[in-house]
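# Per-entry structural report
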Amino acid sequence: MQERGINSTFKKIIYESSEMVFLADDTYPYNIFYANESFEEFIGESLKERNLVGLGLDINAYIFKEELILTHGDKDYSFRLELPQESSSNYFLFYKGKEVKTHGLPGKREIQQFFKNGLDLIAIGQHDFLTYLNAAVKPILGYEPAELMNTSLCPYLHEEDLEKIRSFWKSKRKQDELGFFESRVKCKDGSYKYLEFSVQFTAEYFYLIGRDKTEFYSESVKTKRLNQLRKKGSELARVATWSFDPESSSFEYDAVANLIFEKQEDLKVNFENSFSEKLTDKRSEKKLEFELLESELGVVAEYHDAIQGTGFWLGVLSDLSEKKNIERSGELLKNILLSSPDPMLVARPGGEIYLCNEEAKKLLGVEENREFEHLSDLNVLFEESDEWKDWIDIPANEEGSRRFSTLLISNLGKQLTLEVAAKSLQEKEESFVVLSFRNISEKVTLEKTLEESSDFLMNLTEQVPGGLYQLVLDQNGKMSFSFLSRGIASVLGLTQTEIEKFEDISGAISRVHPNDLPQVIMTSVASARKGEPWQCQFRVKDNSDSEGYRWVLGAARPQALENGDMVWYGYLTDISQQKEFESKLDEARRTAEKASQIKSDFLSMISHELRTPLNAISGSVYSLLQENPNTSQKSALNTINFAVENLIIMINDLLDFQKIEAGKLTIEKAPFNLRNLVEQVMKGLSFHARDSKNDLQLHLSEGLDMRVNGDKTRLSQIMNNLITNALKFTHEGNVDVSIKLLDLKNGRAKVYFEVKDTGIGIAPENQTKIFNDFDQVKPTFSTKYGGTGLGLSITRKLLNLMGSTIALESEVGKGSRFFFELELEVSDQEVQVEKPVIGSTQDFSKLHLLMAEDNDVNALVLGKIIKKWGYTFDRVGDGAQAVEILKDHQYDCILMDIQMPVMDGFEATQEIKKNIDTPVIALTAAAKLEIMEKIEECGFDGFVAKPIDAAELLKKIKEVISEKN
């Protein structure tokens, strides 16, 4: 650009620029001779005078500035300014012009300065999160603005104000309007300040201004409380104000006065009458003061002149009852002091007696009618004179009391030990000393005795076997010994030097056997947590043998202290000898158990082996009885059969005895009909009664036809044993069985059982002996009457298992009476009744059976029985053969022995049931209860015990075949 000329290309660029550019002369009035399009649009077109003066610009003010602000219309504009640089230049260049603010509003810089330096808390946010905070948050709440940016307001509001503000926020933000609320806001130091907020909501933002009103709020609260206290003070002090207008003769009272009057209806009338009387008596008085004696009220009144007209009286009513009470209390306290059962006196600091009660005079040996004026009067009584001066030499401002002990010689010459308690008392401007005396002669004697006892206990602690200790667990988890008796050294194998330094628990733990250490720690932790006593047996190192250990018993009782510590008071004792004895005892127990097991195995084996020949005998007798023998033969066969049954009973007794001794016999609970059970037992023993020529009678009371839960088999066994014994020891006499229902309530029945006979009786010295194992009254009984001597022993043990006891009454030559009571639960279940085969449509005339039996004798006897029935059969010698033959042949029923070689009856039955559903009956010499569970698991359809009862077996065969069909 030269001489006001502008290059055309450059001029075009400048002209189309979005920023304003113009040139002005450098002489007054600084005419604008060039401007670009942007300047013309915003400023030039509306200029009346196209010069700097028209823009209100004094160029001289900007000679030394590179930027200026000029105002046009209601807007401000910013320009860069370039002054003439050469002598040839004669213009000013204004460029980079742009609008900076709207006129009448602060510019950006001023707005930022306003926000930055504002005294109120200013914030902007979205939803309930803050996006901007001014610096005022620091002096008000203590936070830096950055700490609260992008955080929610809720955590900083007091929890009692939170719900109210949430409701306000929810209601206002949808209305897009200004709202106000107050809240306590949490400061950084944890305290709260009371802020008053105004908030403006828009669609997306909220604008918040908060002012600290804590001081104002506190003052308001203080003022409110002060007014409340003033009102409360008037009520508590019962001080009321009132006024009286002589012209109208009317009274006015405040609320407290009404409170005072309402408690007594005549009080108000009494006051008004009394005041009127005082006015009459003292007309010239301007001030009246008197008491309403009946009501203990004080009245003070002053007369005030009015500006015009008659004046008025203002007065105060005060409740004097408290004052009167204090006066009465003072008298009462004085009387209490004088009548106190403890010796007490009050003296001045110089020793003059102010007050002394009768007990003090008696203790100090002051004669009853003598005046006691000074403590120096007691000098003659003390072992050391003037000792009383120590009692009263107490500073007046000293808090608490002092205690002294002194010896006093009574008027009878007896020496007493006194404890003196002294305390200074300041009453207004006068000082006193309160003294109380206590005869502690007995206490001193007792303390001496206790000290001697303590020495004894300490000596006892040191002499007892083992050692005593006190273990402390502090709040930091550290465990240490606070006391160890001398005996601990011998238990833990410590030297005297070691035990003196033995404080930390780790020293004791290091001596415990590694295998016992977990148990010691776990039991200690459990004791600490539950606060329960601790006891543990463990091994510790033996110093006499560096590789050996000794057994120790530790026990302690924990106690929680008020400071949070846990203390155990316990002892340790050496139990090595006891452990050695226990080891030998345990070895002996294992030996005994092994012997018992051998005995049990022997009894089981021998009983099974005995049943096998008995089965053959029983089966043979059954076969012979089916061949129509003559009378003598039939009698002989019945005798054999009876002998077999007795042998079976003895075998069962031996097995039951072995089970009871081993603790393996359990009492079942199943429903059965009590009356039916007793009748079945009696029916089964009717032949025995006829054979022994005895009259067997059953006596049943009403109500026994009921279902009860119990062990049907064991109750039958008990009844069988008692009745069989009665029949055995009675000849051509009577045996009476009585069953009575004693009580029935709450679903339980109490039943009385009795078996009474007219037999040989039992001598008194033998009545206990008959219940012992394998014991009989006389050795000759075993030859004369037979038996194992276990019947009554088993009966007593079975009844014990059922919760009952058996009793006996007997007289030699006249008979015996056995009786007991049982409490049985009444059952609501149906008793399972065996279904009769009679009437079945099944044809049992021709059956084909399979016999699995390894014993040839048993097979021969069983075969004869089957042939007598008219049935056919095949025999196999073990379970494997039975499984194999069933692949090619069909049978109506399988008779399966349990104990067989190659494959026993259990395995064989399981294999058979996998392929076919032919009924299988188990035949075994084992007791039913021992194998019943396994029989059910393997799928047997029935069970018959050996020796086999042919009639029972035939019945079972027909039952299982009928059930399958």
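From a predicted model like this one, the values you see are computed outputs, not experimental measurements.

Our next topic: the overall build of the chain. Scanning the chain from N- to C-terminus turns up 29 helices and 37 strands. Counting only residues that meet the buried cut, the chain has 38% of its 965 residues in that class. When contacts within the chain are restricted to residue pairs at least 6 apart in sequence, those whose partners lie at least 24 apart make up 52%. If you sum the accessible surface of the chain, you get close to 57,900 Å²; carbon and sulfur atoms cover 50% of it.

Strands in a sheet are paired, the pairing made by backbone hydrogen bonds, and the direction either parallel or antiparallel. In space, the five strands of this open sheet follow the order β7-β6-β10-β9-β8, with antiparallel pairing throughout. Looking along the sheet, the strands with just one partner apiece sit at the ends: β7 (129–133) and β8 (178–186). Strand-to-strand twist in this sheet, taken as the mean axis angle between neighbours without regard to direction, amounts to 30 degrees. Where β8 lies against strand β9 (residues 192–201), nine bridges are found, and the strand directions are antiparallel. Paired with Ser183 across the bridge in β9 is Leu195.

Applying the stated criterion across every chain yields a total of 32 salt bridges. With a closest N to O distance of 2.8 Å, Arg748 and Glu823 form a salt bridge. Note that Arg748 is positioned in strand β30 (residues 748–757) and Glu823 in strand β32 (residues 815–826), a separation of 75 residues in sequence. Here Arg748 falls in the partly exposed class, since its relative accessible area comes to 33%. A relative accessible area of 45% places Glu823 in the partly exposed class. Among the salt bridges present, the one from Lys913 reaches Asp917, with a minimum N-O distance of 3.9 Å. Judged by relative accessible area, Lys913 falls into the partly exposed class, the value being 22%. Residue classification places Asp917 among the exposed residues on the basis of a relative accessible area of 52%.

Time to look at the sheet that holds strand β11 (residues 239–245). Spatial strand order, β12-β11-β15-β14-β13: five strands in an open sheet with antiparallel pairing. With partners counted over all chains shown, the strands left at the sheet margins are β12 (250–253) and β13 (287–292), one partner each. When strand polarity is set aside, the average angle formed by the axes of neighbouring strands in this sheet is 20 degrees. Where β13 lies against strand β14 (residues 297–304), six bridges are found, and the strand directions are antiparallel. Looking at the pairing, Leu292 lines up with Leu297 of β14. Running at roughly 140 degrees to β13, helix α9 (residues 267–281) makes contact with β11, β12, β13, β14 and β15 (312–319) of the sheet.

Examined against the element boundaries, Ile760 turns out to sit in the loop between β30 and α23 (780–784). Ile760 sits 32 residues away from Lys728 along the chain, and the two C-alpha atoms are 10.0 Å apart.

Attention shifts here to the packing of helix α25 (residues 856–869) against helix α29 (residues 950–964). Two numbers describe how α25 lies on α29: the axes approach to 11 Å, and their chain directions differ by 60 degrees. Note on packing geometry: the crossing formed by α25 with α29 is right-handed. Note on element contacts: α29 touches α25 through Ala950, Leu953, Leu954 and Ile957, opposite Leu862, Ile865 and Trp869. Its residues assigned to classes, the contact of α25 with α29 shows seven nonpolar, no polar and no charged.

Here the focus is unusual backbone geometry. Between Tyr28 and Pro29 the backbone carries a cis peptide bond, its omega angle lying at 10 degrees. Position of Pro29 relative to the elements: it lies in the loop between β1 (20–25) and β2 (32–35). One non-glycine residue, Glu732, lies in positive phi territory at about 55 degrees. The topology assignment puts Glu732 in the loop between α22 (712–728) and β29 (734–745). A positive phi angle is found at Val902, which is not glycine, with a value near 65 degrees. Mapped onto the elements of the fold, Val902 is located in the loop between β35 (893–897) and α27 (905–915). Taking relative accessible area as the criterion, Val902 reaches 70% and is therefore assigned exposed.

On the secondary structure map, Lys334 appears in helix α10 (residues 321–339). Expressed as a C-alpha distance, the spacing of Lys334 and Asn357, which sit 23 residues apart in the sequence, is 9.6 Å.

Before going further, it helps to examine the pairing of β7. Here strand β6 (residues 121–126) pairs with β7 via four bridges, running antiparallel. Bridged to Gly125 within β7 is Leu130. Between β6 and β7, which pair antiparallel one after the other, the connecting turn spans two residues, and His127 there sits at a positive phi close to 55 degrees.

Okay, the packing of helix α20 (residues 674–684) against α22 next. At a minimum axis distance of 10 Å, the contact between α20 and α22 shows a crossing angle of 40 degrees. Considering the angle they form, α20 stands oblique to α22. Regarding α20 and α22, the two cross each other, and that crossing is right-handed. Only Lys712, Leu715, Ser716, Met719, Asn720 and Ile723 of α22 make contact with α20, whose side of the interface consists of Leu674, Leu677, Gln680, Val681 and Met682. Split into classes, the residues belonging to the contact of α20 with α22 amount to seven nonpolar, three polar and one charged.

According to the stated counting rule, one finds 30 aromatic pairs in the structure shown. On the numbers, 6.2 Å between centres and 65 degrees between planes, the contact of Tyr30 with Phe92 is edge-to-face. Here the residue Tyr30 occupies a position in the loop between β1 and β2, and Phe92 occupies one in strand β5 (residues 91–102), the gap between them amounting to 62 residues. Judged by its relative accessible area of 6%, Phe92 is buried. Arranged with centres 3.9 Å apart and planes meeting at 5 degrees, the rings of Tyr194 and Tyr217 form a pair that is stacked. One end of the pair, Tyr194, is in strand β9; the other, Tyr217, is in helix α7 (residues 214–237), and 23 residues separate them in sequence. Classification of Tyr194 by relative accessible area gives buried; the value is 16%. Counting every residue linked through ring pairs, the aromatic cluster contains Phe168, Trp169, Phe181, Phe197, Phe201 and Phe206. One Lys or Arg, Lys213, reaches over the ring of Phe216 and ends 4.6 Å from the middle of that ring. Of note, Lys579 hangs over the ring of Trp551, and the distance from its end group to the ring centre comes to 4.5 Å.

Its 14 residues place the ends of α25 20 Å apart at the C-alpha level, agreeing with the 20 Å of an ideal helix rising 1.5 Å per residue. Here α25 has its buried residues at Asn858, Ala859, Val861, Leu862, Gly863, Ile865, Ile866 and Trp869. Here α25 starts with a cap whose side-chain oxygen sits 3.0 Å from the backbone nitrogen of Val857, and that cap is Asn855. Just past α25, the residue Gly870 takes up positive phi, approximately 90 degrees.

Moving on, we get to the nonpolar core. Ile723, Phe753 and Phe818 are the most contacted members of the largest nonpolar core, which totals 41 residues. Within the residue set of this core, elements represented by two or more residues are α20, α22, β29, β30, α24 (791–801) and β32. Residue contributions to this core peak at seven residues, all from α22. Discounting chain neighbours no more than four positions away, the residues touching Phe753 are Leu674, Leu715, Met719, Ser738, Ile739, Phe818, Phe819, Phe820 and Leu822.

Turning to the side chain of Asp757, a few remarks are in order. Along the chain, the position of Asp757 falls in strand β30. Despite its burial, Asp757 remains without a salt bridge, the nearest opposite charge being carried by Lys756 at 9.5 Å. Within the structure, Asp757 has its side chain in polar contact with the backbone nitrogen of Gly759 (distance 2.9 Å). Residues in contact with Asp757, not counting those within four places in the same chain, are Ala726, Thr730, Asn734, Val735, Lys814, Gly815 and Ser816.

Should the pLDDT be low somewhere, the predicted coordinates at that spot are not to be read in detail. Summing up the model confidence of the chain, the mean pLDDT is 80 and the portion of residues at 70 or higher is 84%. Across residues 1–5, confidence stays below pLDDT 50; counting only partners more than four residues off in sequence or on other chains, it has seven contacts.

With that out of the way, let us pick up a nonpolar patch on the surface. A surface patch of nonpolar side chains, about 170 Å² in accessible area, is lined by Val239, Val300 and Val316. The topology assignment puts Val239 in strand β11.

The end-to-end C-alpha distance of α9 is 21 Å, a good match for the 21 Å that 15 residues give at a rise of 1.5 Å each. When α9 is considered as a whole, its buried residues turn out to be Leu267, Phe271, Ser274, Phe275 and Leu279. Along the axis of α9, the buried residues cluster in a sector spanning 140 degrees; they form a single face. Structural note: α9 exposes Glu277 and Asp281 on the side pointing more than 90 degrees away from its buried face.

Rules used in this analysis
- Residues numbered from 1 in each chain as written.
- Predicted model: local features only at pLDDT ≥ 70, side-chain atom pairs only at ≥ 80, totals over all residues.
- Heavy atoms only, no water.
- Helix = DSSP H or I, 4+ residues; strand = E, 2+ residues; numbered from the N terminus.
- Buried < 20%, exposed > 50% of the residue type's maximum accessible area, 1.4 Å probe, protein only.
- Contact = heavy atoms within 4.5 Å.
- Areas by Shrake-Rupley, 256 points an atom, 1.4 Å probe, with all protein chains shown as cover.
- Pairing = 2+ DSSP bridges.
- Axes fitted to C-alpha atoms, helices over the stretch in contact; angles between N-to-C directions.
- Salt bridge = Lys/Arg side-chain N within 4 Å of Asp/Glu carboxyl O.
- Left-handed = near helix turned anticlockwise from the far one by under 90°.
- Nonpolar A, V, L, I, M, F, W, Y, C, P; charged D, E, K, R; others polar.
- Parallel < 35°, antiparallel > 145°, perpendicular 65-115°, else oblique.
- Phe/Tyr/Trp six-rings, centres within 6.5 Å; stacked < 30°, edge-to-face > 60°.
- Lys NZ or Arg CZ within 6 Å of the ring centre and 35° of its normal.
- Expected span 1.5 Å × (residues − 1).
- Polar contact = N/O pair within 3.5 Å; in protein donor to acceptor, adjacent residues only side chain to side chain.
- Core = buried A, V, L, I, M, F, W, Y, C linked by side-chain atoms within 4.5 Å.
- Lys, Arg positive; Asp, Glu negative; His and termini not counted.
- pLDDT = per-residue confidence, 0-100.
- Patch = residues over 30% accessible without salt bridge, like charges linked within 9 Å, V, L, I, M, F, W, Y side chains within 5 Å.
- Arc of directions from axis to C-beta.

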